[in-house]
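# Architecture and fold: a report
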Amino acid sequence: MTTARGDGLGRMRALAAALPDALETGYRSGREVAAPLSKQELRVAAVGMGGSGIAADLARGLVESESRASLTVVRSAHLPRGFGAGSEVLLVSYSGNTWETLAAYDMAGRAGARRTVITSGGTLLERAESDGVVALTVPPGLPPRSAVGYLLGGVLGLLDSVFPESLEGRLARVAAATRSRIATYARRRGPAAALAEKVGLRFPLIYAESSFLPLARRWKTQIEENAKRLAGFDEIPELLHNAIVGWDAVSSGDARRYAVLFLDWPGESPMVRTSIAYLERLLKGKGVVLGRVELPSDDRLEALVSGIALGDHVSLFLAERRGVDPYPVDAITRLKAAVGGTDRIHR
Ligand code: PA5
């Protein structure tokens, strides 16, 4: 008989494998509901928490490096000043019941911003429908973090017109390439299993260059929620101006308790490469376990999507090694029950 634990792992694996399909579906839905962006609306804010906020954040590197828009990602209830009339605010909440996102929805409305919601339902969808706000709906019934394909695809679809060329063909190629990589990532002798083996019981730290920082955060949060353990992430080159001092002071005995995974994108600048090599030498000398994760393409979108897939599989292998069910996130459920949500918001 299959245990509840086995079901959770199998379900999460199936959802991780469905990433490319979800990405394409989300993108198509985003394009369908997208309203044309005026010059002013090239200043876009996306508000979302946890598994929803990360989707907007993952889109940010691509939007900022390739499009004519800027995308500010907000992980709180407070929309920064300046996102008022003439700007576009995306409110991303998978459940549609996250109080921070609902409060920002109200704030954006009061400020006169044009709003678009991305959600599977809940209060956010109800409010959008009664306010005549455009809503991109994604399939319900998933853990929010497993909806990343729909949400990321949705954001990219909504913003497709700000790219010099539509992402349509590129996204289809990326989805196909990621599909075949996922088959490798899911293997017991594949790269995801090997990285999980390398991390073992050590404290994992994921390091990435600034524009791939959201990917490092995604790895960290997937390890936390799926494998039920703490993890960290940090930004290159910033960490070379602070964390390096901490590393320098770590004793060789303590250093062995850490595993550092570098997300390595082929498009990185020579200075970043030289800095990473320096840091690697320092950490290796201390006895820190190191892993170089070579993101598989110099196409930023492909590297990003394959990187999400690889990280998700690493986190699931870590969950399996620890014998925990990756599916439930009881601590978040308890927190939401304790602090309340939707009903505590006074409009
Ligand atoms: O992974 C999770 O379940 C959380 O991080 C949620 O995404 C977070 O609490 C926000 O909820 P929602 O995504 O429904 O807005």
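Right above here is the structure, for reference.
## Comments concerning the overall build of the chain
Helices and strands together make up the secondary structure of the chain, namely 14 helices and nine strands. Over its C-alpha atoms, taken along the principal directions, the chain stretches across nearly 60 × 55 × 40 Å. A burial count over the chain gives 56% of its 347 residues as buried. The long-range share in the chain, meaning contacts at least 24 apart out of those at least 6 apart in sequence, stands at 79%. Surface summary for the chain: the accessible area is close to 15000 Å², and the carbon and sulfur share equals 53%. Averaging the positions of the 44 positive and the 38 negative side-chain charges in the chain gives two centres separated by 4 Å.

## Notes on unusual backbone geometry
Residue proline 237 is bonded to the preceding isoleucine 236 through a cis peptide linkage, with omega at 10°. Here proline 237 lies in the loop between strand S7 (232-236) and helix H10 (243-249). Within the chain, lysine 228 stands out as a residue other than glycine whose phi angle is a positive 55°. Among the structural elements, lysine 228 can be located in the loop between helix H9 (213-227) and S7.

## Examining the environment of alanine 231
Within the secondary structure, alanine 231 is located in the loop between H9 and S7. The buried category is assigned to alanine 231, whose relative accessible area is 8%. Through-space distance from the C-alpha of alanine 231 to that of lysine 220 is 5.4 Å; in sequence the pair is 11 residues apart. In contact with alanine 231, other than residues within four places in its own chain, are Phe203, Pro204, Lys220, Ile223 and Glu224.

## What about the packing of helix H7 (residues 168-185) against helix H13 (residues 300-322)?
One can describe the packing of H7 onto H13 by two numbers: an axis separation of 9 Å at closest approach and a directional angle of 25°. With respect to each other, H7 and H13 are oriented roughly parallel. Like other packed secondary-structure pairs, H7 and H13 cross with a definite hand, here right-handed. Between H7, through Arg170, Leu171, Val174, Ala177, Thr178, Arg181, Ile182 and Tyr185, and H13, the contact on the second element is made entirely by Arg300, Leu301, Glu302, Val305, Ser306, Ala309, Leu310, His313 and Phe317.

## Quick notes on the sheet that holds strand S5 (residues 134-137)
Strand order in the open sheet formed by five strands is S2-S1-S3-S4-S5, with parallel pairing between adjacent strands. What marks the edges here is a single partner per strand, and that holds for strand S2 (70-74) and S5. Each neighbouring strand pair of the sheet contributes to a mean axis angle of 20°, computed without reference to strand direction. Sheet analysis places strand S3 (residues 88-93) next to strand S4 (residues 114-119), joined by six bridges and oriented parallel. By the bridge assignment for S4, serine 93 is matched with threonine 119.

## Brief notes about the site of the ligand
Lining the immediate environment of the ligand, one finds Met49, Gly50, Gly51, Ser52, Ser93, Tyr94, Ser95, Thr98, Pro144, Glu225, Ile332 and Lys336. The contact in question runs from an oxygen atom of the ligand to an N or O atom on the side chain of lysine 336, over 2.8 Å. Protein burial of the ligand: of its 370 Å² of free accessible surface, 92% is covered by the chains. Those elements that provide at least two residues to the shell around the ligand are helix H3 (50-66) and helix H14 (330-339). Here the residues of the shell around the ligand are counted per class, giving four nonpolar, six polar and two charged.

## Thoughts on helix H2 (residues 19-33)
Its 15 residues give H2 an end-to-end C-alpha distance of 21 Å, which sits within 8% of 21 Å, the value for a rise of 1.5 Å per residue. By the burial criterion, the buried members of H2 are Leu19, Pro20, Ala22, Leu23, Glu24, Gly26, Tyr27, Ser29 and Gly30.

## Observations regarding H7
Helix length check: H7 (18 residues) gives 25 Å between terminal C-alpha atoms against 26 Å at 1.5 Å per residue, within 8%. What H7 keeps buried is the set Arg170, Leu171, Val174, Ala175, Ala177, Thr178, Arg181, Ile182 and Tyr185.

So, how was this worked out
Residues numbered from 1 in each chain as written. Predicted model: local features only at pLDDT ≥ 70, side-chain atom pairs only at ≥ 80, totals over all residues. Heavy atoms only, no water. Helix = DSSP H or I, 4+ residues; strand = E, 2+ residues; numbered from the N terminus. Buried < 20%, exposed > 50% of the residue type's maximum accessible area, 1.4 Å probe, protein only. Contact = heavy atoms within 4.5 Å. Areas by Shrake-Rupley, 256 points an atom, 1.4 Å probe, with all protein chains shown as cover. Lys, Arg positive; Asp, Glu negative; His and termini not counted. Charge placed at Lys NZ, Arg CZ, Asp CG, Glu CD. Axes fitted to C-alpha atoms, helices over the stretch in contact; angles between N-to-C directions. Parallel < 35°, antiparallel > 145°, perpendicular 65-115°, else oblique. Left-handed = near helix turned anticlockwise from the far one by under 90°. Pairing = 2+ DSSP bridges. Near = heavy atom within 4 Å. Polar contact = N/O pair within 3.5 Å; in protein donor to acceptor, adjacent residues only side chain to side chain. Nonpolar A, V, L, I, M, F, W, Y, C, P; charged D, E, K, R; others polar. Expected span 1.5 Å × (residues − 1).

Nothing here speaks to function; it is geometry throughout.
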